[in-house]
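Listed below, chain by chain, are the residues.
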Amino acid sequence: MADDGKVYGDSKVFCQGRFISGPDARSCIASLIMICGPSIVWQIDIGAWLVEEYTIALPLLNGILEVASLWLLLATAFSDPGIMPRQDAYTEQYDAKTKQFRVKQPTRYYDTLLRGHSFKLKYCTTCSIYRPPRCTHCSVCENCVERFDHHCPWIGNCVGKRNYWLFYSFITSTASMNVLSLATAVWRVVWSYQDYVDTAGADFGDALLHALGDVPVTTAMIVYCTALVWFTVGLCVYHTYLLCTNQTTYEQVKGAYSDGKNPFHAGAYRNFTDILCSPVRTRYFNAQAADVKSSVRALQSAVNE
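Okay, so let's go over this structure. Small disclaimer: the values here were computed from a predicted structure and weren't measured.

Rules used in this analysis
Residues numbered from 1 in each chain as written. Predicted model: local features only at pLDDT ≥ 70, side-chain atom pairs only at ≥ 80, totals over all residues. Heavy atoms only, no water. Axes fitted to C-alpha atoms, helices over the stretch in contact; angles between N-to-C directions. Helix = DSSP H or I, 4+ residues; strand = E, 2+ residues; numbered from the N terminus. Left-handed = near helix turned anticlockwise from the far one by under 90°. Contact = heavy atoms within 4.5 Å. Nonpolar A, V, L, I, M, F, W, Y, C, P; charged D, E, K, R; others polar. Phe/Tyr/Trp six-rings, centres within 6.5 Å; stacked < 30°, edge-to-face > 60°. Buried < 20%, exposed > 50% of the residue type's maximum accessible area, 1.4 Å probe, protein only.

For the pair helix α1 (residues 28-53) and helix α5 (residues 216-245), the least separation of the axes is 11 Å and the interaxial angle reads 145°. Where α1 crosses over α5, the handedness of that crossing is left-handed. For the pair formed by α1 and α5, the contact residues are Met34, Pro38, Val41, Trp42, Asp45 and Ile46 on the first element and Val217, Thr218, Met221, Tyr224 and Leu228 on the second. When its residues are assigned to classes, the contact of α1 with α5 shows nine nonpolar, one polar and one charged.

See the structure below:
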């Protein structure tokens with residue numbers, strides 16, 4: 001159940017701040033149904049056939065991938081993607097030297113040097129902060145997110161520095177399950193086709209139609225998995241490319257490093273280990289208290305790193 005206290009922007013907080021999601025978190029229900037429903041059907045139909053004719057190993061593997069996919073989906077949907085802490089509006093900030101509140105908005109851009117490369121830090125008028133490099137304001141959640149990748153409508157949450165490893169693991173396990181389900185479904189139709197050819201001596205067309213009609217649920221699974229495999233596998237391949245080049249979806253779409261100069265690129269292996277295997281940074285704020293006093297220290301730490 002969502003708590004009444006608001007985090008920042010339009011994000012939602014659950015269970016006293018343990019879980020955070022975007023405003024469209026309910027959209028992940030559709031993803032859950034699209035994964036869970038066909039997986040159960042696969043176990044009842046194709047999985048049972050595999051156990052009877054061959055081995056229990058493949059149904060067990062598919063079950064493990066299903067559980068992993070569902071858990072990673074929920075973990076990504078209800079995790080803090082890396083929301084940056086806000087500061088009070090500039091009109092509410094008191095200047096001790098002049099003994100008055102600020103009346104002028106800070107300059108729109110601030111130049112800084114990081115890893116030998118110059119960056120323009122943009123002032124966010126909504127969050128009242130200068131965004132660190134790779135930080136972008138999400139128009140859906142209305143939050144600045146560290147190493148913002150994209151806002152995923154299938155998950156209902158932003159994908160950023162703190163939950164990218166969960167998202168990548170989710171699409172990898174889902175794509176693997178999709179490929180396994182499609183391959184075994186085709187295998188069963190081929191088995192039925194060959195069995196009919198051997199027993200009835202039918203030609204290719206008649207045997208194929210008979211095989212498809214003999215296992216209608218498996219045929220439906222082939223159609224469903226074929227429709228999805230291009231999306232799931234394609235998404236996995238695309239994000240693998242982004243990992244190899246150390247880019248985010250947002251940066252790649254905008255062509256941020258189209259000139260070939262990416263200061264964050266450290267080689268494919270180092271990129272993978274840094275992005276997927278590094279310890280997850282603790283939150284910058286208490287999801288319930290929303291302690292904005294720590295925002296300056298948090299931003300300085302993010303820029304320095």
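We now examine the environment of threonine 174. Mapped onto the elements, threonine 174 comes out in helix α3 (residues 164-200). Note: C-alpha distance between threonine 174 and valine 233 (59 residues apart in sequence) is 8.5 Å. If we skip the residues at most four places from it in the chain, threonine 174 touches Ile35, Ser69 and Thr232.

A separate point is the packing of aromatic side chains. By the definition in use, this model includes twelve aromatic pairs. Plain terms: the ring middles of tyrosine 54 and tryptophan 187 are 4.7 Å apart, the flat faces sit at 40° to each other, and that makes the pair tilted. A residue pair is termed long-range when its members are at least 10 positions apart, and tyrosine 54 in the loop between α1 and α2 (57-77) and tryptophan 187 in helix α3 qualify at 133 residues. For tyrosine 54, a relative accessible area of 42% puts it in the partly exposed group. Take tryptophan 187: its relative accessible area is 33%, and that puts it in the partly exposed class. Where tyrosine 164 meets phenylalanine 167, the ring centres are 6.4 Å apart and the plane angle is 45°; that geometry is what we call tilted. Of the two residues, tyrosine 164 and phenylalanine 167 both sit in helix α3, three residues apart, roughly one turn of that helix.

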